[in-house]
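Chain by chain, the residues:
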Amino acid sequence: MLELGMTFSMEQLVIDNDIIAMLKKAMEGIVVTEETLGVDQIKKVGIGNNFLALKKTRELVNLPSSPKLIDRKMFGDWAAAGSKDIAERANAVVVDVMKNYEVPAIDSDILKAMKAIVDKADKDFKI
C-alpha cells in the first residue's frame, strides 16, 4: 500500500493473496514419506546426478505450496508460453474477477438484522 492507504494496487492484493496462501500451506507442514522424499528417484539416477527433470519430481514440486501466480516453468518453457511476469498474471486475475465475479446474495434475515443496526445507529447519532 502506498501513501498511507490512499492508493493501492489490486494486482498487489492478488499477489499478496497468493503469497499468504503459500505461507498457510507451508504452515500445514510437509508430508514426509519415501515417495515425497523421492527415494526411488534418487536411487534411479544415482547420487550426484540430476533427478530434477524426472516426471515424479515435477509432480511433487508444488506439494509444499500451490501458487496460482508464481510460474515455476524453466526459462525456455516460460518464454515459449509468452513470458508473462507475475504482475501481468495478477492483472489477468483482476480483469477476470472484475468482469465475471458475481456477488452472492445475502440472506434476507441477515439483511434485516443489518438494517436494524444501521437504523439504530442513525437514530442514536442524529443531532
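Quick note: structure is the one above.
Residues numbered from 1 in each chain as written. Predicted model: local features only at pLDDT ≥ 70, side-chain atom pairs only at ≥ 80, totals over all residues. Heavy atoms only, no water.

### As for the environment of I86
Stated precisely, the cut-off is as follows: Secondary structure counts use DSSP, requiring at least four H or I residues in a row for a helix and at least two E residues in a row for a strand, with both numbered from the N terminus. The classification of residues rests on relative accessible area computed with a 1.4 Å probe and restricted to protein chains. Under 20% of the type maximum is buried, over 50% is exposed, and intermediate values are partly exposed. The criterion used for residue contact is that any of the two residues' heavy atoms lie within 4.5 Å.
Along the polypeptide, I86 turns up in helix α6 (residues 86–100). When its relative accessible area of 36% is taken as the criterion, I86 is described as partly exposed. Residues I86 and L69, 17 residues apart in the sequence, show an inter-C-alpha distance of 6.1 Å. What I86 contacts, discounting residues up to four positions off in sequence, is I15, L69 and I70.

### Description of the layout of surface pockets
Note the cut-off: Of the two site types, the cavity is a set of points on a 1 Å grid over the protein atoms alone where a 1.4 Å probe fits but cannot get out, and the pocket is an open set with protein on both sides within 12 Å along at least five of seven lines, each lined by residues with an atom within 4 Å of a point. Grid points are joined across faces, edges and corners, and a volume is the space filled by probe spheres set on the points. Here the nonpolar group is Ala, Val, Leu, Ile, Met, Phe, Trp, Tyr, Cys and Pro; Asp, Glu, Lys and Arg are the charged ones; every other residue, Gly included, is treated as polar.
Space inside the largest pocket adds up to approximately 300 Å³. In terms of lining residues, the largest pocket is bounded by eleven residues, among which L52, R58, V61, R72 and M74 are the most central. When its volume is computed, the second largest pocket comes out at roughly 170 Å³. In terms of lining, the second largest pocket is formed by V14, N17, D18, A21, S66, K68, L69 and V93. When grouped by side-chain class, the residues that make up the lining of the second largest pocket number four nonpolar, two polar and two charged.

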